[in-house]
Each structure stands twice: as C-alpha cells, then as structure tokens.
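Now for the letters of each chain:
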Amino acid sequence: MRTPIIAGNWKLNKTISESVALTTSLKASVADVNNVEIIVAPPFTALAAVNEVIAGSKIRLSAQDVYSEDSGAFTGEVSAPMLKDVGCEYVIIGHSERRQYFGETNESVNQKVKAALAHDLKPILCVGEQLQEREAGQTETIIEDHVTGGIAGLSSTELLSCVIAYEPVWAIGTGKTATPAQAQEVHSFIRGLLTKIYSADVASQLCIQYGGSVKPENASELMAQPDVDGALVGGASLEAESFAQIVKFG
Ligand code: PGA
C-alpha cells in the first residue's frame, strides 16, 4: 500500500561534475525500476545540475536543509521558494548532524517543516536517539519528543506530505546498522504515536524510512519489516552501483 521511498543523502560530498557523473550513472542503473520512489539529495551547489540530469527520469530531487524564512537578511541560508525554483520536490529537515553540529532544535525543525510545506516541498523529517539515550532506556521518549516537536501544528493533510526518517544516531556512518527488529520496534512506535495524534488511517499511509548504515547487504531484511517503508542512505548513496542495489532491494 505504501510506496517505498529510497533517498540518498550525499551530505558534504560531490562537486558539480562529480554529482553529474553519479546521477548520470544512477539514472541508467534504475531506469527499469517502477515501484519505488527514488530521491537524491546533493549539496546545494549541485542541485541545478543534477536537476537537469534527472529530467524525464523517475529520480526526484531533495535538498539537505532549508531555512524557515522565505527571504531577507539571513546570510548563508537557502529558502523553500529557492529550493522549489531549482527543482526540489523534497527537503531533509532535522538530520542528526544538523541537530548535533548546527544547533538545530525541535522548534527550528518544526518551523522549517512548516516553511517547506507552505511552498509545496515534502519534508523528510529525521528523528533518532543517541547511543547513551538508547542505553539509558530513553529511546521512545526521545523519538516521541522529536516526532511530536517536528510535526507540531500540522494538519493530517500536511502530515501526509511528510516522510519520517528514523535514524538512530549510533548507526549513522558507523557501519553498525540497527537490527531489523530494532528498526521495526521504533517504526511501529512512531506509527502508534501518529495513530494517537491523528488516526489509524493517517498513520497507516505515512512513509517511515530507516536510516543508518543501510547497505546493499542489509536493505532487503530491513525493508521486509512491516513498518519500514524506505531508507535514507548516506555513505552507500555516493556510488551509483551500491545505491542502485539498495533501490532494487526487492
Ligand atoms: P549512513 O548515513 O548511511 O552513512 O549511515 C545515513 C544518514 O545520515 O542519512
């Protein structure tokens, strides 16, 4: 019922020419894929060039962040209307690296989610606990805080334009993937939370991605979990071949 969404988060990697080469090769590798939404999130500087390469393909464009204001004296920021203008359909918001290194809070995340939605951009809202939080038994508290904070004030229609990405911080870039059971446990907790806040019908329609060391070798077992509807892929999205293998997880 839920179309799987596989997104590649390139983070602070790839020049324009490298981005074009990667996208060109990815486009050829996934040309025959039909039942999966494929997204790439290059750095801001490569968005325009990548948008040209994906024209006419099924690959969708995402940014890695957005500012909450549309325009003004905010040196260094990029707004939702600008991302729409360059061809983005999605935007990653609240990635743990932004929370950790750039002071992102639930409040700023929520403002960015609303700004994105106001301009018809689909937020990929990232949530996830740190290792010490998991070890202290606080996983559900943290996830509830990130989810409810990030989506505060959204109507059910707005919520359904979002994707939630569960990314345990201890699994990001570490090679330590959550087990399929650990991922399923949190995904089902998130869906339960959305059932309480909205309804079972709304919760059942929302795509919840897993992120954190997703590789071709573990994608299919993660995706086989009933509440895992996609993947947000970092390292393995930097090579066309490994990302294409994840896209073809089935
Ligand atoms: P990783 O990153 O796949 O390199 O662990 C995932 C992410 O941060 O989105």
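Note that this is a predicted model, so its numbers are computed, not measured.

The topology assignment puts Glu144 in helix H7 (residues 139–151). Glu144 gets classed as partly exposed once you look at its relative accessible area, which sits at 35%. Taking the C-alpha atoms as reference points, Glu144 and Leu26, 118 residues apart in sequence, are found 35 Å from one another. If near-sequence neighbours (up to four positions away) are discounted, Glu144 is found in contact with Gly149, Phe189 and Leu193.

Let's shift gears to the pattern of salt bridges. The tally for this structure, following the rule as stated, stands at 14 salt bridges. A salt bridge links Arg98 to Asp65; the shortest N-O distance between them is 3.2 Å. On the criterion of sequence distance, the pair formed by Arg98 in helix H4 (residues 96–101) and Asp65 in the loop between strand S3 (59–63) and helix H3 (80–85) is long-range, its members being 33 residues apart. Note on Asp65: relative accessible area 7%, which makes it buried. Connected through shared salt-bridge partners, Arg2, Arg191, Asp227 and Asp229 make up one network.

Time to look at the pairing of strand S2 (residues 37–41). Within S2, five of the five residues are buried, leaving the element largely enclosed by the surrounding structure. Alternating residues of S2 divide into Glu37, Ile39 and Ala41 and Ile38 and Val40, and every residue in both groups is buried. Across five bridges, the pairing between strand S1 (residues 5–9) and S2 is parallel. For Ala7, the partnering residue across the bridge sits in S2 and is Ile39. Examined bridge by bridge, S2 and S3 share three bridges and lie parallel to one another. Opposite Val40, over in S3, you have Leu61 as the bridge partner. For the crossover that starts at S2, traverses helix H2 (residues 47–54) and ends in the parallel S3, the hand is right-handed.

Here is what the cut-offs are and how they apply
Residues numbered from 1 in each chain as written. Predicted model: local features only at pLDDT ≥ 70, side-chain atom pairs only at ≥ 80, totals over all residues. Heavy atoms only, no water. Helix = DSSP H or I, 4+ residues; strand = E, 2+ residues; numbered from the N terminus. Buried < 20%, exposed > 50% of the residue type's maximum accessible area, 1.4 Å probe, protein only. Contact = heavy atoms within 4.5 Å. Salt bridge = Lys/Arg side-chain N within 4 Å of Asp/Glu carboxyl O. Pairing = 2+ DSSP bridges. Right-handed = clockwise from strand over helix to strand, strands pointing away.

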